[in-house]
Amino acid sequence: MRDHTGPDEGRTPPETVIPISLARIRVKFFAFAGLAVGCAIFGATAWLTLTLLLTCAAILLAVATIGGKELIRSLFFIPPKRGSR
């Protein structure tokens, strides 16, 4: 007897939302930002400082892509504007 299920039978559908912890993103962002500031203060190599700054920018871009302005505001602990929602 043949199995008539398709090859994608056991996979989750692409529209499934994977929850992302904003607290973990916040910790990673501020850790990279702190390391970048430390590198600038203590005279680390330019490529290391630039790499850390670009990593911070990439985190911000990813958060903005996923959640827009509201998620960016909550990343920096900025309260939502009055009258929104």
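The structure presented is a predicted model; accordingly, all values stated were derived computationally and were not measured.

Caption draft 1: Geometry of the overall build of the chain. What the chain contains, in helices and strands, is 2 helices and 0 strands. Relative to its full complement of 85 residues, the chain shows a buried share of 13%. Put simply, 46% of the contacts in the chain that link residues at least 6 apart link residues at least 24 apart. When the accessible surface of the chain is summed, it comes to about 7,300 Å², and 67% of that surface belongs to carbon and sulfur atoms.

Caption draft 2: Highlighting the packing of helix 1 (residues 22-42) against helix 2 (residues 46-75). Following both chains from N to C, one finds helix 1 and helix 2 inclined at 150°, their axes separated by 9 Å at the closest point. Relative to helix 2, the element helix 1 lies roughly antiparallel. Helix 2 is crossed by helix 1, and the crossing has left-handed handedness. Counted together, Leu22, Ile25, Arg26, Lys28, Phe29, Phe30, Phe32, Ala33, Leu35, Ala36, Cys39 and Ala40 of helix 1 and Leu48, Thr49, Leu52, Leu53, Thr55, Cys56, Ile59, Leu60, Val63, Leu71, Ser74 and Leu75 of helix 2 form the full contact between these two elements. Each residue belonging to the contact of helix 1 with helix 2 can be placed in one class, and the counts come to 19 nonpolar, 3 polar and 2 charged.

Caption draft 3: Focus on the side chain of Thr49. With respect to the helices, strands and loops of the structure, Thr49 is situated in helix 2. Relative accessible area serves as the criterion here: at 14%, Thr49 is assigned to the buried category. Not counting the four nearest positions on each side in its chain, Thr49 is found in contact with Ala36, Cys39, Ala40 and Ala44.

Caption draft 4: Quick look at the packing of aromatic side chains. If you walk through the whole model with that rule in mind, you get 3 aromatic pairs. Both rings, one in Phe29 and one in Phe30, keep their centres 5.4 Å apart while their planes meet at 65°; by these two values the pair is edge-to-face. Centroid distance Phe30 to Phe76: 6.1 Å. Interplanar angle 75°. Geometry classified as edge-to-face. In this pair, Phe30 sits in helix 1 while Phe76 sits in the segment after helix 2, placing the two residues 46 residues apart along the sequence. For Phe30, a relative accessible area of 37% corresponds to the partly exposed category. Among the aromatic side chains, those forming a connected cluster through ring pairs are Phe29, Phe30 and Phe76. When the ring centre of Phe77 is taken as reference, the NZ or CZ atom of Arg26 above it lies at 4.0 Å.

Quick notes on the rules
Residues numbered from 1 in each chain as written. Predicted model: local features only at pLDDT ≥ 70, side-chain atom pairs only at ≥ 80, totals over all residues. Heavy atoms only, no water. Helix = DSSP H or I, 4+ residues; strand = E, 2+ residues; numbered from the N terminus. Buried < 20%, exposed > 50% of the residue type's maximum accessible area, 1.4 Å probe, protein only. Contact = heavy atoms within 4.5 Å. Areas by Shrake-Rupley, 256 points an atom, 1.4 Å probe, with all protein chains shown as cover. Axes fitted to C-alpha atoms, helices over the stretch in contact; angles between N-to-C directions. Parallel < 35°, antiparallel > 145°, perpendicular 65-115°, else oblique. Left-handed = near helix turned anticlockwise from the far one by under 90°. Nonpolar A, V, L, I, M, F, W, Y, C, P; charged D, E, K, R; others polar. Phe/Tyr/Trp six-rings, centres within 6.5 Å; stacked < 30°, edge-to-face > 60°. Lys NZ or Arg CZ within 6 Å of the ring centre and 35° of its normal.

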